[in-house]
Amino acid sequence: MRHPLVMGNWKLNGSKHMTGELIAGLRKALSGIEGCGVAIAPPVIYLDQARHAISGSHIALGAQNVDINLSGAFTGEVSADMLKDIGAKYIIIGHSERRTYHKESDELIAKKFAVLKQTGLTPVLCIGETDAENEAGKTEEVCARQIDAVLNTLGAEAFRDTVIAYEPVWAIGTGKSATPAQAQAVHKFIRQHIAKKDAAIAGQVIIQYGGSVNDKNAAELFTQPDIDGALVGGASLKADAFAAIVNAAAAAKKAG
Ligand SMILES: O=C[C@H](O)COP(=O)(O)O
């Protein structure tokens, strides 16, 4: 039975002070929450501090990127082995900011997915269409292509115990979230697309929604049957807002 996962992607934000304060606030606000997984992905330089700060809590550690190589002459990169060593579990790959600013291709992202699986880490595969693609009615085509890069190279089994984050690019950081109905339609399409290869795998994969999720709109998004939590950017930088989103996911799980 799959469960919701709410994950905070801090992106390029934070400091030693902020990491300590935010995690202390989260621990307080999230104590006793059940039925919803929680993870945070601070910048890589704060992972070790964050690992100590979340120790003994239900908050899992995540990271925002990984290299396809495990070691060697790859200046500036961070490997899956290193992320595992530092205690990270959920690793975001294919975020639209990396696809856009770092020109990451579907093929490269599929390789990242593979190295994470080999290392025993959990990929959080971000997919989603741009505004222009949405306007052109290409949402399903784009999402299918981004999933197929993994499906066609690693097979449906690779999606066991993994996470997909549907993040329409036009909704990220804009304050303009997809409506619950819009998001549900795409999430259903994603699950059905994987189910064409393996229904059991499709049924257990966690499909998060991401894109301007906040403490006001989260509850309604989580009433949708194929939305399993959220990948949260801006609102994950405030303990109260992030905790409210986690609470909404836990309440939705309890209700239904
Ligand atoms: O990874 C998170 C997403 O990019 C969403 O960011 P946002 O919540 O600031 O729109």
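Residues numbered from 1 in each chain as written. Predicted model: local features only at pLDDT ≥ 70, side-chain atom pairs only at ≥ 80, totals over all residues. Heavy atoms only, no water.

Here we take up the packing of helix 5 (residues 106–119) against helix 7 (residues 139–154). With their axes 9 Å apart at the nearest point, helix 5 and helix 7 run at an angle of 50 degrees to one another. One element, helix 5, and the other, helix 7, form an angle in the oblique class. In this structure, the crossing between helix 5 and helix 7 has a hand that is right-handed. On the side of helix 5, the interface is formed by Asp 106, Ala 110, Phe 113 and Ala 114, while helix 7 contributes Arg 145, Gln 146, Ala 149, Val 150, Thr 153 and Leu 154. Looking at side-chain class alone, the contact of helix 5 with helix 7 contains 6 nonpolar, 2 polar and 2 charged residues. (Axes fitted to C-alpha atoms, helices over the stretch in contact; angles between N-to-C directions. Helix = DSSP H or I, 4+ residues; strand = E, 2+ residues; numbered from the N terminus. Parallel < 35°, antiparallel > 145°, perpendicular 65-115°, else oblique. Left-handed = near helix turned anticlockwise from the far one by under 90°. Contact = heavy atoms within 4.5 Å. Nonpolar A, V, L, I, M, F, W, Y, C, P; charged D, E, K, R; others polar.)

Per the UniProt record, "binding site: substrate" (unreviewed entry) is found at Asn 9, Trp 10, Lys 11, Gly 173, Ser 212, Gly 233 and Gly 234. A stretch of 226 residues holds the annotated residues, and the largest C-alpha distance among them is 13.9 Å, short enough that they meet in one place. Residue position: Ser 212 is located in the loop between strand 7 (206–210) and helix 10 (218–221). For Ser 212, a relative accessible area of 16% puts it in the buried group. Apart from the residues within four sequence positions on either side, Ser 212 is in contact with Ala 171, Ile 172, Gly 173, Thr 174, Gly 175, Lys 176, Ser 177 and Asn 217. Of note is the side chain of Ser 212, whose polar atom sits 2.6 Å from the backbone oxygen of Ala 171. (UniProt positions renumbered as here; feature names shortened; annotations may be inferred. Buried < 20%, exposed > 50% of the residue type's maximum accessible area, 1.4 Å probe, protein only. Polar contact = N/O pair within 3.5 Å; in protein donor to acceptor, adjacent residues only side chain to side chain.)

Attention shifts here to the site of the ligand. Not every one of the 13 residues close to the ligand is listed here, only the nearest: Lys 11, His 95, Gly 173, Ser 212 and Gly 234. A distance of 2.9 Å separates an oxygen atom of the ligand from a polar atom in the backbone of Gly 233. About the coverage of the ligand: the protein hides 95% of its 310 Å² of free accessible area. Considering only residue class, the shell around the ligand consists of 4 nonpolar, 7 polar and 2 charged. (Near = heavy atom within 4 Å. Areas by Shrake-Rupley, 256 points an atom, 1.4 Å probe, with all protein chains shown as cover.)

A few words on the nonpolar core. One finds Val 6, Phe 159, Ile 190, Ile 194, Tyr 209 and Phe 222 to be the most contacted residues of the largest nonpolar core, which totals 71 residues. Beyond its immediate stretch of four places on either side in the chain, Phe 222 contacts Val 6, Ile 227, Gly 229, Ala 230, Ile 245, Ala 248, Ala 249 and Ala 252. Core analysis: the next-biggest nonpolar cluster, separate from the first, contains 13 residues, Leu 5, Ile 92, Val 163 and Ala 165 among them. (Core = buried A, V, L, I, M, F, W, Y, C linked by side-chain atoms within 4.5 Å.)

We now examine the UniProt feature "active site" (unreviewed entry) in the protein chain. The positions that UniProt labels "active site" (unreviewed entry) are, in the present scheme, His 95 and Glu 167. These annotated residues cover 73 residues of sequence, but their C-alpha atoms sit close together, with the largest distance between any two at 8.4 Å. By relative accessible area, which is 5% here, His 95 ends up buried. The contacts of His 95, once residues within four sequence positions are left out, are Asn 9, Lys 11, Cys 126, Glu 167 and Ile 172. One polar contact links the side chain of His 95 to the main-chain amide nitrogen of Glu 97, over a distance of 2.9 Å. By secondary structure assignment, the location of Glu 167 is in the loop between strand 6 (163–166) and helix 8 (180–195).

Bringing the sheet that holds strand 1 (residues 5–9) into the picture now. Judged by pairing direction, the barrel is parallel, and its 8 strands sit side by side in the order 1-2-3-4-5-6-7-8 before closing back on the first. Between one strand axis and the next, the sheet turns through 25 degrees on average, direction left out of account. The sheet contact formed by strand 4 (residues 90–93) and strand 5 (residues 122–127) spans 4 bridges and is parallel. Each bridged residue has a counterpart across the sheet, and for Ile 91 the counterpart in strand 5 is Pro 123. The strands touched by helix 11 (residues 239–255) are strand 1, strand 2 (37–41) and strand 8 (229–232); relative to strand 1, the strand with the most contacts, the crossing angle is about 160 degrees. (Pairing = 2+ DSSP bridges.)

Moving on, we get to unusual backbone geometry. Even without being a glycine, Lys 103 presents a positive backbone phi close to 55 degrees. Residue position: Lys 103 is located in the loop between helix 4 (96–101) and helix 5. Backbone geometry places Asp 161, a non-glycine residue, at a positive phi of 55 degrees. Along the chain, the position of Asp 161 falls in the loop between helix 7 and strand 6. Residue classification places Asp 161 among the exposed residues on the basis of a relative accessible area of 57%.

Time to look at helix 11. Here helix 11 contains 17 residues, and its C-alpha end-to-end distance of 24 Å stays within 8% of the 24 Å for a straight helix at 1.5 Å per residue. Residues of helix 11 that are buried make contact with strand 1, helix 1 (16–30), strand 2, helix 10 and strand 8. (Expected span 1.5 Å × (residues − 1).)

Before going further, it helps to examine the pattern of salt bridges. What the rule picks out here adds up to 12 salt bridges. A salt bridge links Arg 98 to Glu 104; the shortest N-O distance between them is 2.7 Å. Take Arg 98: its relative accessible area is 23%, and that puts it in the partly exposed class. With a shortest N-O distance of 2.9 Å, Asp 228 and Arg 191 are connected by a salt bridge. One end of the pair, Asp 228, is in the loop between helix 10 and strand 8; the other, Arg 191, is in helix 8, and 37 residues separate them in sequence. The same class applies to Asp 228 and to Arg 191, which are both buried. Sharing partners across several salt bridges, the network here consists of Arg 2, Arg 191, Asp 226 and Asp 228. (Salt bridge = Lys/Arg side-chain N within 4 Å of Asp/Glu carboxyl O.)

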